[in-house]
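# Understanding the architecture of this molecule
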Amino acid sequence: MRHPRRLRAFRLLLVAGAAALAAQVAGCGSGGAQVSGGTAAEIASIDARLRGTFRLVRFDPEVPLEPMLASMLEFQYAHLVIRFDGDRILADSPGLHVDRAYEIREPAWNRFKLISYDEAGVAYEAVCEFSGEKELIVHAQTPPWKGVATLRRAQ
């Protein structure tokens, strides 16, 4: 039997990690104004680079996962598709659909903070970094899914 809390946590990882997994862009206002720890132009630049479709290719948890969750995670590597559209993170695979609001904060060249929100408005934080043109490294900060996820831009 699946434990609802663990399954919910797993879904949140995928969003925050996509990061996560796994999150509405704040700050697409007028140029130069300070918004969410960065200028509107800096946030818009990160948003433009982030938009699109990714696949989860790896997740290294801070604490080892239980065998059932580890198995579920392995399945997601081949199937999970994550799309950032500027307002929402959409993550889909067989048996999983996640749709969350997100915002970008503290942009600094290739790094930024991504905050995603679940249905209840609970915030999940991740520090993200673009690695080359195709990868996004997501350092999920919110328990229980603390760890590092690698997302690769889909072709």
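Described in the following lines is the structure provided in the data block. Everything numeric in this text was worked out from a predicted model, so none of it was measured.

## Notes on the overall build of the protein chain
When helices and strands are tallied, the protein chain shows 3 helices and 10 strands. Start at the N end of the protein chain and walk to the C end: the helices and strands fall as α-β-β-α-β-α-β-β-β-β-β-β-β. Residue burial in the protein chain is summarised as follows: out of 155 residues, 44% are buried. Total accessible area computed for the protein chain in this model is approximately 7800 Å², and 52% of it derives from carbon and sulfur atoms.

## Topic: the side chain of Thr-150
With respect to the helices and strands, the residue Thr-150 is situated in strand β10 (residues 147-153). On the basis of relative accessible area, Thr-150 is assigned to the buried category, the value being 12%.

## Concerning the environment of Gly-38
Within the element layout of this structure, Gly-38 appears in strand β2 (residues 38-39). Taking the C-alpha atoms as reference, Gly-38 lies 9.5 Å from Phe-112; in sequence the two are 74 residues apart.

## Re the nonpolar core
Core analysis: the largest hydrophobic core is formed by 28 residues, its most contacted members being Leu-50, Ile-82, Phe-84, Phe-112, Leu-114, Leu-136 and Leu-151. Sorting elements by how many residues they give to this core places strand β6 (residues 96-108) first, with 4 residues. In contact with Phe-112, not counting residues within four places along its chain, are Ile-46, Leu-50, Ile-104, Arg-105, Glu-106, Pro-107, Ala-126, Val-127, Cys-128, Phe-130 and Leu-136.

## So, the pattern of salt bridges
All chains considered together, the criterion is met by 10 salt bridges. Glu-62 is the partner of Lys-146 in a salt bridge, and the nearest nitrogen-oxygen pair spans 4.0 Å. With Lys-146 in the loop between β9 (135-140) and β10 and Glu-62 in the loop between β3 (52-61) and α3 (67-79), this pair connects stretches of sequence that are 84 residues apart. You can call Lys-146 partly exposed: its relative accessible area is 29%. The exposure class assigned to Glu-62 is exposed, which follows from its relative accessible area of 54%. Among the salt bridges present, the one from Glu-125 reaches Lys-113, with a minimum N-O distance of 3.5 Å.

## Here's the deal with the pairing of β6
Of the strand pairs in this sheet, strand β5 (residues 88-93) and β6 are connected by 6 bridges, and their pairing is antiparallel. Within β6, the residue paired with Arg-88 across the bridge is Ala-101. Between β5 and β6, which follow one another and run antiparallel, lie 2 residues, and Gly-95 among them has a positive phi close to 80°.

## Observations regarding the sheet that holds β3
An order of β3-β4-β5-β6-β7-β8-β9-β10 is seen for the 8 strands of this closed barrel, with the pairing classed as antiparallel. Between one strand axis and the next, the sheet turns by 35° as a mean value, whatever way the strands run. Where strand β4 (residues 81-84) meets β5, 4 bridges bridge the pair, whose relative direction is antiparallel. From the neighbouring strand, Phe-84 faces β5, where its bridge partner is Ile-89. Along the sheet, helix α2 (residues 40-50) contacts β3, β4, β6, β7 (111-117), β8 (123-131), β9 and β10; its crossing angle with β6, the most-contacted strand, is approximately 140°. Contacting β3, β4, β5 and β6, α3 crosses the sheet at an angle of about 155° to β3.

Scoring rules and cut-offs
- Residues numbered from 1 in each chain as written.
- Predicted model: local features only at pLDDT ≥ 70, side-chain atom pairs only at ≥ 80, totals over all residues.
- Heavy atoms only, no water.
- Helix = DSSP H or I, 4+ residues; strand = E, 2+ residues; numbered from the N terminus.
- Buried < 20%, exposed > 50% of the residue type's maximum accessible area, 1.4 Å probe, protein only.
- Areas by Shrake-Rupley, 256 points an atom, 1.4 Å probe, with all protein chains shown as cover.
- Core = buried A, V, L, I, M, F, W, Y, C linked by side-chain atoms within 4.5 Å.
- Contact = heavy atoms within 4.5 Å.
- Salt bridge = Lys/Arg side-chain N within 4 Å of Asp/Glu carboxyl O.
- Pairing = 2+ DSSP bridges.
- Axes fitted to C-alpha atoms, helices over the stretch in contact; angles between N-to-C directions.

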